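Observations on the model geometry
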Amino acid sequence: MQGHPGISPLTWIVLVPALTAFGILFIPGARKSWVRRWALAGMSVNLGLAVWLLATASADLPRAEAQKVLPGLGQKMVWVEELGISWNVAADGMSVAMVFLTSVVIFAGVLVSWSIEDRAKEFYLSLIALVTGVFGVFVTRDLFWFYFFYELAVIPMYLLIGVWGSTNREYATMKLTLYLTTGAVAALAGLLMVYFRAHAVLGRYTFDLDEILRARDAGAFAAGPAAGGTAFQVWVFPFLLFGFGAIAPLWPLHTWSPMGHAAAPSAASMLHAGVLMKLGSYAILRIAVPALPEGAAWWLPVVAVLCMFNIVYGGLVAVAQKDMKFIVGYSSSSHMGYVLLGIASMTSLGINGAIFLMFAHGVMTALAFALIGFFYDQTHVRTLPDLGGMAHQIPFVGTAFVFMTMASAGVPGFANFVSEVMVMFGAWEGGLRWQAVVAVFGIVITGVYLLRAVRGAFFGPRNPRWDGLRDAATPFQRLPFLFLVAVLLLFGFCPFLLIDVIAPSADALAGLLAHPGRG
Amino acid sequence: MSPDLAPLAWTTLFAPLAAAALAGLLLRRRRALAAGVSVLGMVVGLVCTLFLLWRSLTAKEGEPTGFEAHFTWVAAGSFEARFGVLVDRLSLLMALVVTGVGTPIFVYSIGYMHGDEGYGRYFACLSLFAFSMLGIVFSTNLLQTFVFWELVGLSSYLLIGFWFGRDSAVEAGKKAFMVNRVGDFGFLCGILLLYYAVSTLPGFRDMKIPDPASPGGLDVPNALDFGHLARFYRDPALLPLLGGGTAALAAVLLFCGAIGKSAQFPLHVWLPDAMEGPTPVSALMHAATMVAAGVYMTCRVFFLFEPFPGALQVVAWIGGITAFLAATIALVQTDIKKVLAYSTLSQLGYMVMAIGLAGATAGMFHLTTHAFFKALLFLGAGSVIHACRTQEITEMGGLRKPMPSTFWTWWIGTAALIAVPGTSGFFSKDEILAAAADPVHGSGPLLALGLVTAGLTAYYMMRCTALTFHGEHRGHGHPHESPAVMTLPLWFLAVPALFVGWLGFPLLFHGHPWFQAEFNVRGVEAQAGPHEFHLPLALLGTGFAAAGGVIGWLAFGTRRIDAAAWKERLLPLHTLLARKYFLDEFYLWLVRVVQQGVAEVSNFVEQNVLIRGVIDGLSALVKASGRSLRELQTGSIHTYVRFALAGTVVVLAWVLLASARGGP
């Protein structure tokens, strides 16, 4: 074992949820409160770890300039020598940001699911297993484990939506799982092509990302006579791009998402929209771009066009929706278009903005689904014409909803504004001028459907039909919402807290894209 | 005047935010405390501003009259966005307007909003607005301005839709937010265009700019920063490096933000609807400050327009058209707040027109005087609404005796608005007309427009005043004067409404030593100087106003002219004006037909093509192939043997052929 002595905090970040899930197995199903508390305890530990990690990163990263990786935290333990599989974890600014995002969202998610009565044990088990996968994806540097955790993050979603979901859940869950798995398989094909190519140069099989990058530097993926005259990178990159892009969700591979959002129970939607969807862009930034920078430089202009559809088309479809979860779902598609635009800009500013937006959007959308879930549990109705005037009966939720709307609309004070502006500037700087203009126009479209949603659900005359609604009254009930709003405000006022941490990763990626020939 | 005074500016900016947080989070139930904290926030700001202004005005020869303090907010790649306070006479003047008009309005609100459910929420939102507005005022760079621009829009949305139980209020809030967003779209595109056009020029990057934080050191040129941009634009060697077309376009796009925020044509439609909000909100935001933000911002970046007459023309004409158009609509309004709203639109048009005529000082002067007398008029309207429980002037009348404070302060405000000689409005409007009459930068048609509009202004104000205060009371109740907490602010505002103009009166002070809105951005010379006082022009302006006023009074005050008969005679014209030139209908069509149409088409594509067509089609394909392949499982031994035989033959053949080819 190299690197951190003992068990690295990064390994703990994956072990803690794994152990939490394992522990849930042993709690009797009837003891729901034990399950809940055990889950909350586990996720609180992870939240603490993530905050510690963020603080460490803020302090250490300027010194870790050279490797862009936090020194002393990574560790590697070889597992299957012949195939080159090892337990390999490391964290750079991007990973830290994503781990922090996940821990924030799952913490709130556990709280929000407190009221689930039906098979609570199995629910929490699936939820925590899913999040184990997500944490794993964000800290691992081994492609085998990457794929493993990636699938681990998708499969429990099938159960979560299929058993505890609502509208059209069988169709939605089947579609979501098949779609994402197909994407993962396409990505796997790409990963394996890279794996075998690296073997040709290195002489041994390895899933270790750093070794694969070294192979890249040695010209393993270069075009040339050895490659049979074809540009290897240009052929392989789309497997990774569209495979991971399905979950991003890159237009037109997005259709699984809104339906999945709508059908899933609150905590699952929070994880799905908040975190799961970030796996795609993360994977593109973590694996696809560094391994195949020339391929990326070739294909990203295509992404620059496709993401326009995400932004505008996604927004327009949201305008036509009446179900609140669908509105938020298509809104997510639209916002993720900004992330993809930031990546496609190939500038440090744009990529930094994209990663920051992944964080900000994740928290914001988690808040959205938490709020919708809260009142949907009581009203059993989420369509705008049926709702209305709820701010009279549930003012706290109403206020939190307005905060969420403002964050989503890109109003300053919230993290989303800064990240979106960074993406827009990055896009312009990267030469994507028309795309930047469209991105700016996107904020007008966003305003339309968001204000309509707020107005339709919460404002207007008091509707006696909802007089029995109970607001989030106790501090415990209010905690998840307050927590998420506080995070959005904190990073909205002090964006530098996260931007400075992400910067080295963004700089490295931009440098790579600017000079794909050199490492 | 040195950066040591920066904490005063920071306090002015953040005190209202602290008040908003306190009022919103902790004090919602403790109403008096919420109100008190908010008023305190404003008073603190007012005191700090006055002190800073005094220091700036008494600065000795050679001493700087302003300073700047900032820190880095966002830094990624080569991009840096800063956050800071820019204190110079222009920003201090505007801050004075905000806090000087804001404080009495906050106090007035204590009385006006008494008993309302959302009392605490009201003060929290109002304080949030004050913070946002001061952020625009003290902004050091374009992005910071945009940040607070959006926040002001948010505050406006929250306050217009304050009584969210009322559909019309909610719709009005939405409309304000969306129309502003359209303007913001132009604004942000302008920032992007300008930033990258300038920052990619080597000439800009090589500029030597002293760092305000470390004396003697050099700052990194930042193409968002007002000071840096001004320095670049005023350098005759550097400016030509920037493409004229790009620069002019960027300026006009930035102005789009002002079109939205200051409700200029064609984005003016949100302002009259904004009257749905509580009257003190209308007074503070939609008369004195928020809508003035566009004017202020345009003055702040006046150097971006100066070299480009085309851009200036766009500004001037949009202002002039707005001024005239709005005044015509005000002629037929029956809701007292709507009259004042259209009047505000009209006066904002004057300010914008002035800037477009290179009379930035005149524009700021009018902004200042207008803030005071318009706020006064709105608060007076609030007092009247409170007493008569209606907003329709047709149901008012006879309020002179029962409401003396309101009556007299209303007349003071009206006099200023009509530009009665000697009032503040007289001097500021005269400056604007002088700018229009200027031989170099002026414009004959716009001067004519300005004069006619002055006449219309007098007409509609006389009409409104006569119907509201004079004659017999046409309502049902017994109106009485409002409490002191509401009338004292009225008198407080009446003083500057009368006398602020004298601070700018050229003959008396030889060119505004007190009120010299120096566009003095860190040492660069003021460009937009004041104009001389022109007696003939002043008389001409007064003449038009007098004419309009007399007609208005004759029609509605003394009933010598039969207004009803004239209305019949000019019914088509009257309808056109009453329906606001059908612009609202046009925008509604845009939303209902165009926006919804495009959305429905996209949705159709999504549901039918992508989902049903592609995805479900794929799954249907898989199902179908599964079904047909299932046919192979016939259960009959004969079929299986047949297949096995056929398979064996195929494999044998393939192997033989392959080895034949692989052979020598």
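Predicted model, so just to flag it, every value in this text is computed and none were measured. (Residues numbered from 1 in each chain as written. Chains lettered and ligands numbered in written order. Predicted model: local features only at pLDDT ≥ 70, side-chain atom pairs only at ≥ 80, totals over all residues. Heavy atoms only, no water.)

Let's talk about the nonpolar core
- Judged by nonpolar contacts, the single largest core of 421 residues is most densely connected at Phe356(A), Phe359(A), Phe425(A), Phe458(A) and Tyr233(B).
- It is helix 13 (residues 348–379) of chain A that provides the largest number of residues to this core, a total of 20 residues.
- The residues touching Tyr233(B), leaving out its near neighbours within four places in the chain, are Leu194(B), Leu239(B), Leu242(B), Ala247(B), Phe303(B), Leu304(B), Pro307(B) and Phe308(B).
- The next biggest cluster of nonpolar side chains, apart from the first, holds 17 residues, and it includes Tyr350(B), Leu433(B), Leu447(B) and Leu537(B). (Core = buried A, V, L, I, M, F, W, Y, C linked by side-chain atoms within 4.5 Å. Buried < 20%, exposed > 50% of the residue type's maximum accessible area, 1.4 Å probe, protein only. Helix = DSSP H or I, 4+ residues; strand = E, 2+ residues; numbered from the N terminus. Contact = heavy atoms within 4.5 Å.)

Some words on the interface of chain A and chain B
- In this assembly, 59 residues from chain A lie in contact with 51 residues from chain B.
- Summing the contributions of chain A and of chain B, the shared interface buries around 4700 Å²; its carbon and sulfur component is 73%.
- For the pair chain A and chain B, the number of links is two salt bridges.
- Residues Arg455(A) and Glu171(B) are paired through a salt bridge, measuring 2.3 Å at the closest nitrogen-oxygen approach.
- Inspection of the region where chain A meets chain B yields 14 residue pairs in polar contact (both at pLDDT 80 or more).
- The element best represented in the side of chain A that touches chain B is helix 17 (residues 433–457) of chain A, accounting for twelve residues.
- Class assignment for the residues of the side of chain A that touches chain B results in 41 nonpolar, twelve polar and six charged. (Buried area = accessible area lost by both parts, 1.4 Å probe. Salt bridge = Lys/Arg side-chain N within 4 Å of Asp/Glu carboxyl O. Polar contact = N/O pair within 3.5 Å; in protein donor to acceptor, adjacent residues only side chain to side chain. Nonpolar A, V, L, I, M, F, W, Y, C, P; charged D, E, K, R; others polar.)

Considerations on the pattern of salt bridges
All names here are of chain B.
- Under the definition given, this model contains 24 salt bridges over all chains.
- With a shortest N-O distance of 3.8 Å, Glu306 and Arg234 are connected by a salt bridge. Note that Glu306 is positioned in the loop between helix 13 (302–305) and helix 14 (309–330) and Arg234 in the loop between helix 8 (226–233) and helix 9 (244–261), a separation of 72 residues in sequence.
- With a relative accessible area of 28%, Glu306 lands in the partly exposed category.

Here we look at helix 19 (residues 444–469) of chain B
All names here are of chain B.
- Taking 1.5 Å as the rise per residue, helix 19 with 26 residues should run 38 Å; its terminal C-alpha atoms sit 37 Å apart, in good agreement.
- Within helix 19, 20 of the 26 residues are buried, which leaves the element mostly enclosed by the surrounding structure.
- Directly beyond the C-terminal end of helix 19, a positive phi value near 75 degrees is found at Gly471. (Expected span 1.5 Å × (residues − 1).)

Considering the layout of surface pockets
- Taken as a whole, the second largest pocket encloses approximately 1300 Å³ of empty space.
- Considering the residues around the second largest pocket, the lining is formed by 38 residues, among which Val448(A), Met178(B), Tyr587(B), Val591(B) and Gln595(B) are closest to the centre.
- Contributing elements (two or more residues each) for the lining of the second largest pocket: helix 11 (293–319) and helix 17 of chain A together with helix 6 (167–199) and helix 25 (583–630) of chain B.
- Ranked by the residues each element gives to the lining of the second largest pocket, the list is headed by helix 25 of chain B, at eleven residues.
- Each residue belonging to the lining of the second largest pocket can be placed in one class, and the counts come to 22 nonpolar, five polar and eleven charged. (1 Å grid on protein atoms, 1.4 Å probe; cavity = no way out; pocket = protein on both sides within 12 Å on 5 of 7 lines; lining within 4 Å. Points joined across faces, edges and corners; volume = space filled by probe spheres on them.)

Some details on helix 1 (residues 9–26) of chain A
All names here are of chain A.
- With 18 residues, helix 1 ought to run about 26 Å at 1.5 Å a step, and its terminal C-alpha atoms sit 25 Å apart, in line with that.
- By the largest-angle criterion, Leu15 marks the main kink of helix 1, which is about 25 degrees, and a proline, Pro17, follows within four residues.
- Buried residues along helix 1 sit in contact with helix 2 (32–60), strand 2 (75–80), strand 3 (85–89), helix 3 (93–112), helix 4 (120–139) and helix 5 (143–164). (Bend = angle between axes of the 7 residues up to and from the residue.)

Focus on empty space enclosed by the protein
- This structure, assessed with the given rule, holds nine cavities of 30 Å³ or more.
- Of the pockets and cavities examined, the largest cavity occupies roughly 70 Å³.
- If you trace the largest cavity, you find it lined by Ile418(B), Ala419(B), Phe426(B), Lys429(B), Asp430(B), Leu433(B), Leu537(B), Ala538(B), Gly541(B), Thr542(B) and Ala545(B).
- Those elements that place two or more of their residues in the lining of the largest cavity are helix 18 (424–437) and helix 22 (535–557) of chain B.
- Of the residues contributing to the lining of the largest cavity, the split by class is seven nonpolar, two polar and two charged.
- A volume near 60 Å³ is recorded for the second largest cavity.
- Ala409(A), Gly410(A), Phe417(A), Glu420(A), Val421(A), Met424(A), Ile443(A), Phe146(B), Glu150(B), Arg181(B) and Leu188(B) are the residues that line the second largest cavity.
- Elements with a minimum of two residues in the lining of the second largest cavity: helix 16 (415–429) of chain A together with helix 5 (142–160) and helix 6 of chain B.

Quick word on the side chain of Lys429(B)
Residues and elements named next belong to chain B.
- With respect to the helices and strands, Lys429 occurs in helix 18.
- Look at Lys429: it is buried, it has no salt bridge, and the nearest opposite charge is Asp430 at 11 Å.
- Within polar-contact distance, the side chain of Lys429 engages the backbone oxygen of Leu417 at 3.3 Å.
- Apart from the residues within four sequence positions on either side, Lys429 is in contact with Gln347, Tyr350, His366, Leu417, Ala419, Ala454 and Thr457. (Lys, Arg positive; Asp, Glu negative; His and termini not counted.)

Thoughts on the pairing of strand 3 of chain A
Residue and element names in this part refer to chain A.
- Within strand 3, five of the five residues are buried, which leaves it mostly tucked inside the rest of the structure.
- Alternating residues of strand 3 divide into Ile85, Trp87 and Val89 and Ser86 and Asn88, and every residue in both groups is buried.
- As defined by bridge partners, strand 2 adjoins strand 3 across five bridges and the pair is classed as antiparallel. Looking at strand 3, one finds that Val80 is bridged to Ile85.
- Between strand 2 and strand 3, which pair antiparallel and follow one another directly, the connecting turn spans four residues, one of which, Gly84, has a positive phi of 80 degrees. (Pairing = 2+ DSSP bridges.)

So, the side chain of Arg463(B)
All names here are of chain B.
- Considering the arrangement of structural elements, one finds Arg463 in helix 19.
- Buried Arg463, no salt bridge; nearest opposite-charge side chain is Glu392, N-O distance 8.4 Å.
- In terms of polar contacts, Arg463 uses its side chain to reach the backbone carbonyl oxygen of Leu331, at 3.2 Å.

Thoughts on unusual backbone geometry
- The omega torsion of the bond from Trp251(A) to Pro252(A) falls at 0 degrees, within 30 degrees of zero and hence cis.
- Tracing the chain through its elements places Pro252(A) in the loop between helix 8 (232–245) and helix 9 (256–263).
- Geometrically, the link from Phe265(B) to Pro266(B) is a cis peptide bond, its omega value of 0 degrees lying close to zero.
- As for its position among the elements, Pro266(B) is in the loop between helix 9 and helix 10 (270–273).
- The phi angle at Lys580(B) is positive, at roughly 50 degrees, despite the residue not being glycine.
- Inspection of the secondary structure assignment puts Lys580(B) in the loop between helix 24 (571–578) and helix 25.
- Overall, Lys580(B) belongs to the partly exposed group, its relative accessible area being 25%.

Things to note about the packing of helix 1 (residues 6–25) of chain B against helix 4 (residues 119–137) of chain B
Residue and element names in this part refer to chain B.
- Orientation of helix 1 relative to helix 4, taken along the N-to-C sense of each, is 160 degrees, at an axis distance of 8 Å. Considered as vectors, helix 1 and helix 4 are oriented roughly antiparallel to each other. Crossing geometry of helix 1 relative to helix 4 is assigned as left-handed. Judged by residue contacts, Thr12, Leu13, Phe14, Pro16, Leu17, Ala19, Ala20, Ala23 and Gly24 of helix 1 engage Gly120, Ala124, Ser127, Leu128, Ala130, Phe131, Leu134 and Gly135 from helix 4.
- Among the residues making up the contact of helix 1 with helix 4, the classes are represented as twelve nonpolar, five polar and no charged. (Axes fitted to C-alpha atoms, helices over the stretch in contact; angles between N-to-C directions. Parallel < 35°, antiparallel > 145°, perpendicular 65-115°, else oblique. Left-handed = near helix turned anticlockwise from the far one by under 90°.)

Brief notes about the packing of aromatic side chains
Residue and element names in this part refer to chain A.
- Counted by the stated rule, this structure contains 72 aromatic pairs over all chains.
- With a centroid separation of 5.2 Å and an interplanar angle of 55 degrees, the aromatic rings of Trp298 and Trp299 are classed as tilted.
- You can call Trp299 buried: its relative accessible area is 16%.
- Three or more aromatic residues link up through ring pairs in this structure, and these residues are Trp79, Trp87, Phe144, Trp145, Phe148, Phe149, Tyr195, Phe196, Tyr205 and Phe207.
- The side chain of Arg382 reaches across the aromatic face of Tyr376, ending 4.6 Å from its centre. (Phe/Tyr/Trp six-rings, centres within 6.5 Å; stacked < 30°, edge-to-face > 60°. Lys NZ or Arg CZ within 6 Å of the ring centre and 35° of its normal.)

Some words on the confidence of the model for chain B
Residues and elements named next belong to chain B.
- In this model, chain B carries a mean pLDDT of 86, and residues with pLDDT of at least 70 account for 94%.
- Put simply, helix 21 (residues 506–509) is where chain B has its lowest mean pLDDT, 43, and helix 5 is where it has its highest, 95.
- Across the predicted assembly, pTM comes out at 0.91 and ipTM at 0.92. (pLDDT = per-residue confidence, 0-100.)

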